[in-house]
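Spelled out from the first residue to the last, the chains are:
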Amino acid sequence: MRLAVPRRVQSFGVFSGLIWPPVKSIMSVPGHSPQQGDETKLMNFEVLRNNSELFRAECTRLMLETDKESKRMQNDDNRRLDQRLRDIQFLKKELELKLEEIIVEIDVLIALQSRVAKALEACTETLKVSVVCLEERRKHLPSERLHDEVDKELLKEKEVIEGVASLLQRVTEQITEQIRLDRSAKYQLEKDLKEKFEAQCIDNSCLLMTHHSINNLQRSKNTETVLPSLGVTPKQWENISDINMTKAEQQQANSLTLRALVECLLEQTAADMQKQVQATAAAFQLNVREIKSAKSQMEDQLAAILSEFASQERIGEDLQVAIAEREQVMSLAQARLALRRQRPGKEQCHDPAQSQLLAEVQQLNAHISTLHEAAAQSDEEQRALLRCQLELQEGIEMKANSLYIDEVICAQHREPIVIHNF
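The paragraphs below set out a description of the structure included in this document. If you're wondering where the values come from, they're calculated on a predicted model, not measured in any experiment.

1. A word on the overall build of the protein chain
Counting its regular elements, the protein chain contains six helices and zero strands. Listed N to C, the secondary structure of the protein chain is α-α-α-α-α-α in terms of helices and strands. In the protein chain, once contacts between residues fewer than 6 apart in sequence are set aside, the share between residues at least 24 apart is 89%. Accessible surface, the protein chain as shown: approximately 28,200 Å² in total, 56% of it carbon and sulfur.

If you want it as structure tokens, here you go:
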């Protein structure tokens, strides 16, 4: 009968070189004496006892070796877990730094987006003023409704502002898209950080785990959901975080490039709008000065025309008086001639007096005819002066209307326009 080696001990293979001698059953062997049988039994018992002692020594050595190996493996586990925790902590710090940078970049982009929105709003208000001014200037009287320099500058101003507004709208869309991409990178970093934190907590628990805490862990296993293992290598594990940080760095670089472009664009568009608004204001001022000058000249001319008309009226009246006087003198001469025709036949001598009276009547007729022509010419001059007066009054009224539109109405609309740096 062989001595059975315990299954637990056999599993370590430490007794593979030991052959345990069989223990013969205690029975009489034919052909031997009882004394020989007793000696054989005693020998067998001695061998069994020796083998048992050897087995105990081997078990003691085995326990010492397995305890030493277990402690070594536990120390290795703790060392590897501690190293793993340091690796996680290092990556967490890198991720947290990138996360903080991308959050700051998102905030800066949101502030820039607000500035662009305000700039777009300012463009909308300025564009409304330009359109209103163009509509108001169409209310000029037909003769004053000319495509002048002010209209050209207003149309150019409208075109510039529409171009700036369209550009700012596209910039707003680009900023919105960049914010979305930054937030996507931020989400991946936050997700990675969350997973790193959970892994850190788990590995830290593993590092602090003792024999006494195993029972609690085993009890909690029944309620926890075990996630399937993805079989990620340490290099892949590190590359995942590197990819997330690289994407965040790329989006941050894109954000910086976009911000620099938008800043330059805001500065340039504000300068363009300021330049055009100033050009339009200068055109308005020049046009107002020209209208005032023309109106002043018309008013001076009107005053001169009115004065001349009054003088012409007086001349006409004087001509009528002179005609009346000459007609009275001619009537006197004609009366004298008529009376002298009543002289007796032989007394009707064509004497110097008769000749003088006839010459006087002839001259008076000529004078009266000339005075009538002068009076008629005076009437014509008065009518021409009156027409000129009416035209000047109408022109002054039109200039006053244009001046009111450009200097008052358009100026009131354009007064709130202030183009600051966006």
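2. Observations regarding the side chain of Ser255
Note on placement: Ser255 falls in helix 5 (residues 234-340). Judged by its relative accessible area of 0%, Ser255 falls in the buried class. Among all residues touching Ser255, those that are not within four sequence positions of it are Glu105, Leu109, Gln178 and Asp182.

3. Overview of the nonpolar core
Ranked by size, the top nonpolar core spans 32 residues in total, and within it Val116, Cys123, Leu168, Ile175, Val262 and Leu266 carry the most contacts. No other element matches helix 2 (residues 34-137), which puts 10 residues into this core. Excluding its chain neighbours within four sequence positions, the residues that come into contact with Ile175 are Leu109, Leu112, Gln113, Val116, Leu258 and Val262. Core analysis: the next-biggest nonpolar cluster, separate from the first, contains 12 residues, Met330, Ala333, Leu357 and Val361 among them.

4. Comments concerning the packing of helix 3 (residues 149-208) against helix 5
For the pair helix 3 and helix 5, the least separation of the axes is 9 Å and the interaxial angle reads 165°. One finds that helix 3 runs roughly antiparallel with respect to helix 5. The chirality of how helix 3 crosses helix 5 is left-handed. For the contact of helix 3 with helix 5, a count of residues per class yields 25 nonpolar, 13 polar and eight charged.

5. A word on the packing of helix 5 against helix 6 (residues 352-414)
Taken N-terminus to C-terminus, the directions of helix 5 and helix 6 make an angle of 165°; their axes are 5 Å apart at the nearest point. The angle between helix 5 and helix 6 falls in the class roughly antiparallel. With respect to the hand of their crossing, helix 5 and helix 6 are arranged in left-handed fashion. Residue composition of the contact of helix 5 with helix 6, grouped by class: 36 nonpolar, 16 polar and 15 charged.

6. Here's the deal with the pattern of salt bridges
In total, this model carries 28 salt bridges according to the counting rule given. The salt bridge involving Glu325 is made with Arg326; its shortest N-O contact spans 3.5 Å. Relative accessible area serves as the criterion here: at 31%, Arg326 is assigned to the partly exposed category. Where Asp351 meets Arg343, a salt bridge forms, and the shortest distance between an N and an O atom there is 3.8 Å. As far as the burial class goes, Asp351 and Arg343 line up, both buried. Here the salt bridges do not stand alone but share partners, grouping Glu69, Arg72, Asp76 and Arg79 into one network.

The rules we used
Sequence positions are assigned chain by chain, starting from 1 and proceeding in written order. Under the rules for a predicted model, residues below a pLDDT of 70 receive no local features and side-chain atom pairs below 80 are neither given nor counted, while totals for whole chains, interfaces and linings still include all residues. In computing side-chain values, all of the structure's heavy atoms are included and hydrogens and water are not. A run of H or I in DSSP counts as a helix once it spans at least four residues, and a run of E counts as a strand once it spans at least two, with each numbered from the N terminus. Residue contacts are counted whenever heavy atoms from the two residues lie within 4.5 Å of one another. Accessibility throughout is a Shrake-Rupley quantity obtained with a 1.4 Å probe, and a residue counts as covered only by protein chains that appear here. Classification of residues uses two cut-offs on accessible area relative to the type maximum, computed with a 1.4 Å probe and protein chains only: under 20% is buried, over 50% is exposed, and between them is partly exposed. The nonpolar core is taken to be a set of buried Ala, Val, Leu, Ile, Met, Phe, Trp, Tyr and Cys residues, with the residues joined through side-chain atoms within 4.5 Å. Axes here mean lines fitted to C-alpha atoms, for a helix over just the part in contact, with angles spanning 0 to 180 degrees between N-to-C directions. Angle categories: roughly parallel below 35 degrees, roughly antiparallel above 145, roughly perpendicular from 65 to 115, and oblique for all the rest. Left-handed describes a crossing in which the near helix is turned anticlockwise from the far one by less than a right angle; the clockwise case is right-handed. Each residue gets one of three labels, nonpolar for Ala, Val, Leu, Ile, Met, Phe, Trp, Tyr, Cys and Pro, charged for Asp, Glu, Lys and Arg, and polar for the others, Gly among them. Any carboxyl oxygen of Asp or Glu within 4 Å of a side-chain nitrogen of Lys or Arg constitutes a salt bridge here.

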